[in-house]
Amino acid sequence: MNRITLRFGDGALEDRFIRDSLQSALPILRLFLVCATLLCALCGFLDPLADPEQYQHFWAIRFGFVVMSLLATVALSYTPAFLSHAQVILTTGMFCSGTGILLMIAISNGAAKETYYAGLILVVIYGSSLVRLHHLNALMVAIVLFAGYQLVALKINPLPLRTLFSNDFFLTVSILVGAFSSFFQELYIRRSFVQQEMLMEGKARAERLHEAAEAANKAKSEFLGIISHELRTPLNAIIGFSDMMRQQMFGPLGGDRYRTYATDIHNSGNHLLGIINTILDLSKAEAGRLGLDEQEIDLLDTVQSCLPLFRDEAEQAEIKIRIVPPARPFCLAADARLCRQIVINLVSNAVKFTPRGGMVTVSFPSDDLGRRGLEVRDTGIGIAEKDLERVILPFVQVEGSLSRNHGGTGLGLPLVKKIAELHEGTLLIDSRLGVGTVVTVWFPTLRVLPPVEHANIRLAV
């Protein structure tokens, strides 16, 4: 931006500024022009007092030239060409108004000769501050009117020098004040425009980055889904054949070592299949394709059916897993497989990060809102407060003395959060380093059902 003209070096940006700023200022600009027209017309009532002999000529100039030029400026502001030629039109309107006042001073023989210079001050104020005239254009017109006033007051209709000096002082002050006012007003408006442009550009860039991130996330989810499906096919074969070898279904393998290897292959295959299923569920959830197969389930039964999966690991680490039954039985309208996934992930994490001799407690809290929940509490290493938000991000693991010694994909808690949200529930984590972690999944009231006490009888019938 030029420091004197305040115009932008980029022509396209300058054109956009002129168009946008003028378009937003059009209503107030028209209001000021109409007010100037009315003010000029009302001052006509003073013309007979200022010069009884010449007031008819004053009216001819005032209403036939000045008022008409202002009305023409207002009318032109409604035309499409105004946005492109506004400065020329406004400059012409200011010049015509000032010229009309100079003509009235030139022909006056009465008090108007000494006092009508005040009209020039009004023209300078309007042009510099109220009608969005460019500061250089306003200054140029003001200087031309000042020079014209000197010509009229010295040559055409001379004034006493003392009166002229007094009038020139006030006229000069008004020109200087108007010039500074116009300059800083223009500077402020242009800087505001630049800031607005930067904000809009930043917003557009943020939206582009967001769209790119969404596209990348969608592509990642689709890739994970595809690759998970592709990996499950050979894994199912590996698990199936290794199970047949482990059970020696088609005859003995020979040495015990082979049977041990087959068991290891089978267990490793199941572990890898579990990871792949977790990735597949998470990718479906992120893509919005993980649906619910709702049915009535007893959450306590779900927990009890999952605990044998962790018995060997817990016994080897001397970790006790304790279940605290709910105060009153309840059932949920939920997806049985996904609820089982919640239990497996939460208990698996609790056992994995609890030191030898610790305890994992599974309970079923309720609150005053009628919600029921699943709570898994451990006496493990805990999570720092600053890391609580990170642990629910996919593939994120918090570094710690124990977390480095235990494997994992970092998908357990993110998947639990997605499943909870799919059930209109919430996941809450409360943890302290060196004390332990409490993870609670709350199910909303609308999913809590009364217990089905005679379900087995009905099924048998």
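Data block above holds the structure.
These numbers come from a predicted model, not from an experiment.

(A) Summary view of the sheet that holds strand 8 (residues 448-449). The strand order across the open sheet built from 3 strands is 1-3-8, with neighbouring strands paired in antiparallel fashion. Each of the sheet's edge strands pairs with one partner strand only, and the pair in question is strand 1 (294-298) and strand 8. Inspection of the sheet shows strand 3 (residues 331-335) paired to strand 8 by 2 bridges, in the antiparallel sense. Within strand 8, the position partnered with Leu-332 by the bridge is Val-448. Taken strand by strand, helix 10 (residues 299-306) contacts strand 1 and strand 3, and its axis lies near 75 degrees from that of strand 1. Here helix 12 (residues 336-352) sits on the sheet in contact with strand 1 and strand 3, set at roughly 100 degrees to strand 3.

(B) How the structure looks around the pattern of salt bridges. Under the defined criterion, the tally for this structure stands at 13 salt bridges. The residue Arg-190 makes a salt bridge to Glu-186 at a minimum N-O spacing of 2.8 Å. Of the two residues, Arg-190 and Glu-186 are both situated in helix 8 (residues 161-246); the distance of 4 residues between them amounts to about one turn of the helix. Here Lys-417 ties to Glu-421 by a salt bridge, and the two come within 2.5 Å at their closest N and O atoms. Remark: Glu-421 and Lys-417 occur in helix 13 (residues 412-422); sequence separation between them is 4 residues, near one turn of the helix. Exposure remark for Lys-417: the relative accessible area of 27% places this residue in the partly exposed category. Each of Arg-7, Glu-14, Glu-186 and Arg-190 takes part in one network of salt bridges that share partners.

(C) Layout of the environment of Ile-323. Examined against the element boundaries, Ile-323 turns out to sit in strand 2 (residues 320-323). As a C-alpha pair, Ile-323 and Leu-300 span 23 residues in sequence and 8.8 Å in three-dimensional space.

(D) Just the environment of Val-351, in detail. Relative to the helices and strands, Val-351 resides in helix 12. Distance in space between the C-alpha atoms of Val-351 and Lys-320 is 9.1 Å, their sequence separation being 31 residues. Leaving out residues up to four positions away in the same chain, Val-351 has contacts with Glu-313, Ala-314, Ile-319, Ile-321 and Val-360.

(E) Representation of the side chain of Arg-190. Residue class for Arg-190 comes out buried when judged on its relative accessible area of 1%. Within polar-contact distance, the side chain of Arg-190 engages the side chain of Glu-186 at 2.8 Å. When residues no more than four places from it in sequence are discounted, the contact partners of Arg-190 are Met-1, Leu-6, Arg-7, Phe-8, Glu-14, Phe-17 and His-134.

(F) Representation of the sheet that holds strand 4 (residues 359-363) within the structure. Overall, mixed pairing links the 5 strands, which are arranged 2-4-5-7-6 in an open sheet. The open sheet is flanked by strand 2 and strand 6 (426-432), the only strands paired with a single partner. Strand-to-strand twist across the sheet, computed as the mean angle between neighbouring axes with direction ignored, equals 10 degrees. Two strands pair when backbone bridges link them, and strand 5 (residues 372-378) and strand 7 (residues 436-443) are joined in this way by 6 bridges, in the antiparallel orientation. When the bridges of strand 7 are listed, Glu-375 appears paired with Thr-440. Sheet contacts for helix 12: strand 2, strand 4, strand 5 and strand 7; angle to strand 5, the most-contacted strand, approximately 20 degrees.

(G) Structural view of the pairing of strand 6. Because side chains alternate across strand 6, one face comprises the buried residues Leu-427, Ile-429 and Ser-431, and the other comprises Thr-426, Leu-428, Asp-430 and Arg-432, none of which is buried. Where strand 6 and strand 7 come together, 7 bridges link them in antiparallel fashion. Each residue of the ladder has a partner; that of Leu-427, found in strand 7, is Val-441.

(H) Spotlight on the environment of Tyr-149. If you trace the backbone, Tyr-149 turns up in helix 7 (residues 135-156). Residue Tyr-149 is classed as buried on the basis of its relative accessible area of 1%. In this structure, the C-alpha to C-alpha distance between Tyr-149 and Leu-102, residues 47 residues apart in sequence, is 6.5 Å. Not counting residues within four places of it along the chain, the set of residues in contact with Tyr-149 comprises Leu-102, Ile-105, Tyr-117, Leu-120, Leu-159, Leu-164, Asn-167, Asp-168 and Leu-171.

Rules used in this analysis
- Residues numbered from 1 in each chain as written.
- Predicted model: local features only at pLDDT ≥ 70, side-chain atom pairs only at ≥ 80, totals over all residues.
- Heavy atoms only, no water.
- Pairing = 2+ DSSP bridges.
- Helix = DSSP H or I, 4+ residues; strand = E, 2+ residues; numbered from the N terminus.
- Contact = heavy atoms within 4.5 Å.
- Axes fitted to C-alpha atoms, helices over the stretch in contact; angles between N-to-C directions.
- Salt bridge = Lys/Arg side-chain N within 4 Å of Asp/Glu carboxyl O.
- Buried < 20%, exposed > 50% of the residue type's maximum accessible area, 1.4 Å probe, protein only.
- Polar contact = N/O pair within 3.5 Å; in protein donor to acceptor, adjacent residues only side chain to side chain.

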